[in-house]
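An overview of the molecular structure
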Amino acid sequence: VSLHCLKWCIGHMLEMELCCAFLVPSGSEAGEAAEYDPNLLDDPQWPCGKHKRVLIFASYMTTVIEYVKPSDLKKDMNETFREKFPHIKLTLSKIRSLKREMRNLSEECNLEPVTVSMAYVYFEKLVLQGKLNKQNRKLCAGACVLLAAKISSDLRKHEVKHLIDKLEERFRFNRRDLIGFEFTVLVALELALYLPENQVLPHYRRLTQQS
């Protein structure tokens, strides 16, 4: 057996293992999939650690926070998140960081805010199902952007290729792995790529307000 064939077999086995692990039910998957809340991970009232609280009044919103090191605040926020969602393997700060990367890449590729919003919904549904981990998080983020772009945008062949090039560059994975993982994400989402307005609109509003 040649060295090239051996490397191909090992790579293929690792890819299959990653996909199978992604599709294994997480235990809380049924409950999370039944009712998706688009405001859960971006809720402004989410307590960012014990040092910070957002107060919402009738005509304005304000944040009360004592002086604390950013690293301590981040640590407290992630600990609070882990206590509330023990089945999720990523920290809240990492989840938000990945979403920023998804948005920045989409803007570079001139994708519409509605496309980013759909990608966020796909991504957050998988997060809340406990599907993501350190090994697959970037592939999942890239696959969600790619699926959303194909569904919501009238992309031509060269535009799809350009998007895949950008995804490969941004998230530092192999395009073959991305294309293979795209189907894995599609199955995990139960082929439900067309989303109701009430799931997409909250993300869309936040994106347009931030622009």
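The coordinates are above.
For clarity, every value in this text was computed on a predicted model and none was experimentally measured.

**Focus on unusual backbone geometry**
With the exception of glycine, most residues fall at negative phi, and the peptide bonds are largely trans. Its identity as a non-glycine residue notwithstanding, Arg-172 has a phi of 60°, on the positive side. Secondary-structure assignment places Arg-172 in the loop between helix H7 (157-171) and helix H8 (175-188). The phi dihedral of Glu-190 is positive, around 60°, even though this residue is not glycine. Classification of Glu-190 by relative accessible area gives exposed; the value is 62%.

**What to know about the pattern of salt bridges**
As enumerated under the stated definition, the model contains nine salt bridges in all. Of the charged contacts, one joins Arg-175 and Asp-165 as a salt bridge, the two residues approaching to 2.0 Å between their closest N and O atoms. Remark: Asp-165 occurs in helix H7 and Arg-175 occurs in helix H8; sequence separation between them is 10 residues. For Arg-175, a relative accessible area of 27% corresponds to the partly exposed category. Sharing partners across several salt bridges, the network here consists of Lys-161, Asp-165, Glu-168 and Arg-175.

**Quick notes on the nonpolar core**
Judged by nonpolar contacts, the single largest core of 52 residues is most densely connected at Met-102, Tyr-122, Phe-123, Leu-163, Leu-167 and Val-185. Taken together, the elements giving at least two residues each to this core come down to helix H3 (70-84), helix H4 (92-108), helix H5 (113-128), helix H6 (137-152), H7, H8 and helix H9 (197-210). What Leu-163 contacts, discounting residues up to four positions off in sequence, is Leu-105, Cys-109, Leu-111, Val-145, Leu-146, Ala-149 and Leu-155.

Quick notes on the rules
Residues numbered from 1 in each chain as written. Predicted model: local features only at pLDDT ≥ 70, side-chain atom pairs only at ≥ 80, totals over all residues. Heavy atoms only, no water. Helix = DSSP H or I, 4+ residues; strand = E, 2+ residues; numbered from the N terminus. Buried < 20%, exposed > 50% of the residue type's maximum accessible area, 1.4 Å probe, protein only. Salt bridge = Lys/Arg side-chain N within 4 Å of Asp/Glu carboxyl O. Core = buried A, V, L, I, M, F, W, Y, C linked by side-chain atoms within 4.5 Å. Contact = heavy atoms within 4.5 Å.

Any functional reading would require information that these geometric values do not contain.
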